[in-house]
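Descriptive structure summary
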Amino acid sequence: MFNNLKTRSDAISAKLASLSEKPPAIDWNYYRSAVAKAGMVDEFEQKFSALKVPEPIDTQTTLINTQEAEASTTAAAYIEASKARIAQYEKVLDKFKNMIPFDQMTIEDLNETFPETKLDKVKHPYWPHKPIAEL
Amino acid sequence: MNPKQLIFASNIQTHLCLQRHLLVTFFKTGAPLCSRDVSRGFLVYPPSLRLFAEGHAEAETRLPSGATTRHFHPSNMLSRLVLVSASSLKGSGALGAGLIQASRSLHTSSQSLAPVPPLPEKGGKVRHGIIPEELFQLLYPKTGVTGPYMLGAGLLMYILSKEIYVINHETFAAASIGAVFIYGVKKFGPSVAAFADKLNEDKVAKAQEVKDLAMTSLAQAIEDEKKEQWRAEGRSMLFDAKRNNVAMLLETNYRERLHMVTNEVKRRLDYQIALQNLHRQMEQEHMVNWVEKSVISSITPQQEKESIAKCITDLKALAKATQAKATA
């Protein structure tokens, strides 16, 4: 995705570099001597120097700015969510770091640290206290 | 004698129960022991060691110590028996239910210690598989090394000679069973214990693996999240690139327009010049053709014959000249 943007940007900048800043000047005197028709060259010269090429108008920059603002807000929201996730992960990581080592645990400690290991003796009153398929 | 006979009878019961009890405890780890007899609710004697001196009360002190878990004593009787039974067949299945009982005794006996000290690895030391080491240490100052043995021998003799314990058929049965049992335990005990240990260790290793994996993956996830945040910060660069692109396109367009204008003007002027040249060329050619045509048409037949004759004579002369040159 970023590669597409890059290729496009590169194409655009290459195109820009290929065009010279100013077009080559027209040698009016040569034409004045060469062209037989009288006054034509002078007329052209006049009109040419009077001509003003309009600069193309910029329609996209505002769009881009709005896009940027949008992206800022979404990015901020994403960063907030990401921070929340990091906090969660850190909490679990701390729990793992601070738990007692396995060979010093009892079953009660195990059930406290990992609630999913607790055997539901109410639901399955008979040993092994869990459905056979889960053994 | 009635009370004594009653005590007598109850002693037999207790002895038999004790045997069964020990057998049972060797195969279980601290779980409810000797249920049938225990449920009759023996009196609990605080097994202070002075009762050892009294013969028939000894058994009764030994039995309840393993049976109940309610009344705790700073002595090591309870935890010792339980831990003995636990240590002889260590950690089968659960992570030592016997250890739970030991920890409970630790909790309620001493003042509250926090953090809870780790559970003891091995039970109390015993000599000859049953008799706690503390007895020997207790008697050592007064009677030396052989003290407890003498005590034991004396008690045994007393019991036998006074027929407090009567030797009967069951004695031999018990002796044989005891012999076989002890042989079995001594022979196969270590390997079975190693096997059970290995089972436990596998479980612990698996749990440890899970824990390690979880920790590494969590750390990795945290790293990734931080990286993503860093990436999100770079979005301004993207938009700058976009704006750059737009500016470049505009500039390109403008230059293209300038170029186009110049080129068009140039083309028109060049066209004019080319047109002029073409005209001149055509006129030239036409004139040349016309002159040629008129010249050719002006050649009269008379002039033609003369010129042809002249050409022939010139050729003849030339041929002669070359022939002469060739022969010479």
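Residues numbered from 1 in each chain as written. Chains lettered and ligands numbered in written order. Predicted model: local features only at pLDDT ≥ 70, side-chain atom pairs only at ≥ 80, totals over all residues. Heavy atoms only, no water.

Here we come to the overall build of chain A. Of regular secondary structure, chain A possesses five helices and zero strands. Taken from the N to the C terminus, the helices and strands of chain A come in the order α-α-α-α-α. Taking all 135 residues of chain A together, 24% fall into the buried category. Long-range pairs, those at least 24 residues apart, make up 0% of the contacts in chain A with a sequence separation of at least 6. (Helix = DSSP H or I, 4+ residues; strand = E, 2+ residues; numbered from the N terminus. Buried < 20%, exposed > 50% of the residue type's maximum accessible area, 1.4 Å probe, protein only. Contact = heavy atoms within 4.5 Å.)

In terms of nonpolar packing, the biggest core is built from 11 residues, these being Ile86, Leu93, Phe96, Met99, Phe102, Met105, Leu110 and Phe114 of chain A together with Ala214, Leu218 and Ile222 of chain B. Grouped together as the second largest cluster of nonpolar side chains are 10 residues, Ile26, Trp28, Val35 and Met40 of chain A included. (Core = buried A, V, L, I, M, F, W, Y, C linked by side-chain atoms within 4.5 Å.)

Let us now look at the side chain of Asn111 of chain A. Within the element layout of this structure, Asn111 of chain A appears in helix α5 (residues 107-113). Those residues within four positions of Asn111 of chain A in sequence are excluded, and the remaining contacts are Thr117 and Lys118 of chain A.

As a further point, take the packing of aromatic side chains. Residue and element names in this part refer to chain A. Following the criterion strictly, the structure yields five aromatic pairs over all chains and no others. For the ring pair Phe96 and Phe114, a centre distance of 6.1 Å and an interplane angle of 45 degrees mean the geometry is tilted. Separated by 18 residues along the polypeptide, Phe96 in helix α4 (residues 60-98) and Phe114 in the segment after α5 bring together distant segments of the chain. Here a set of aromatic residues connected by ring pairs shows up, and it is made of Phe96, Phe102 and Phe114. A cation over an aromatic ring shows up here: Lys95 above the ring of Phe96, its NZ or CZ 5.5 Å from the ring centre. (Phe/Tyr/Trp six-rings, centres within 6.5 Å; stacked < 30°, edge-to-face > 60°. Lys NZ or Arg CZ within 6 Å of the ring centre and 35° of its normal.)

Before going further, it helps to spend a moment on the packing of helix α1 (residues 2-18) of chain A against helix α9 (residues 235-298) of chain B. The contact between α1 of chain A and α9 of chain B brings their axes to 9 Å, and the two run at 30 degrees. The orientation of α1 of chain A with respect to α9 of chain B, classified from their angle, is roughly parallel. Crossing angle aside, the handedness with which α1 of chain A passes α9 of chain B is left-handed. Contacts between α1 of chain A and α9 of chain B involve Phe2, Leu5, Ser9, Ile12, Ser13, Lys15 and Leu16 of chain A on the former and, on the latter, Leu238, Asn245, Met248, Leu249, Glu251, Thr252, Arg255 and Glu256 of chain B. For the contact of α1 of chain A with α9 of chain B, the residue count by class is seven nonpolar, four polar and four charged. (Axes fitted to C-alpha atoms, helices over the stretch in contact; angles between N-to-C directions. Parallel < 35°, antiparallel > 145°, perpendicular 65-115°, else oblique. Left-handed = near helix turned anticlockwise from the far one by under 90°. Nonpolar A, V, L, I, M, F, W, Y, C, P; charged D, E, K, R; others polar.)

Further remarks concern the environment of Met99 of chain A. Locating Met99 of chain A in the fold gives a position in the loop between α4 and α5. When the C-alpha positions of Met99 of chain A and Leu110 of chain A are compared, they lie 9.7 Å apart, and in sequence the two are 11 residues distant. Dropping the residues within four chain positions of it, Met99 of chain A is found in contact with Met105, Thr113 and Phe114 of chain A together with Lys211 of chain B.

Moving on to the confidence of the model for chain B. Predicted coordinates in regions of low pLDDT should not be interpreted in detail. All names here are of chain B. Taken as a whole, chain B shows an average pLDDT of 74; of its residues, 65% reach a score of 70 or greater. Here residues 21-79 is a poorly scored stretch, pLDDT under 50, and it has 73 contacts once near neighbours within four places are set aside; other chains count. Within the model, the stretch residues 81-105 combines pLDDT values under 50 with 49 contacts to residues more than four positions away or in other chains. Across the assembled chains, the prediction reports ipTM 0.72 with pTM 0.50. (pLDDT = per-residue confidence, 0-100.)

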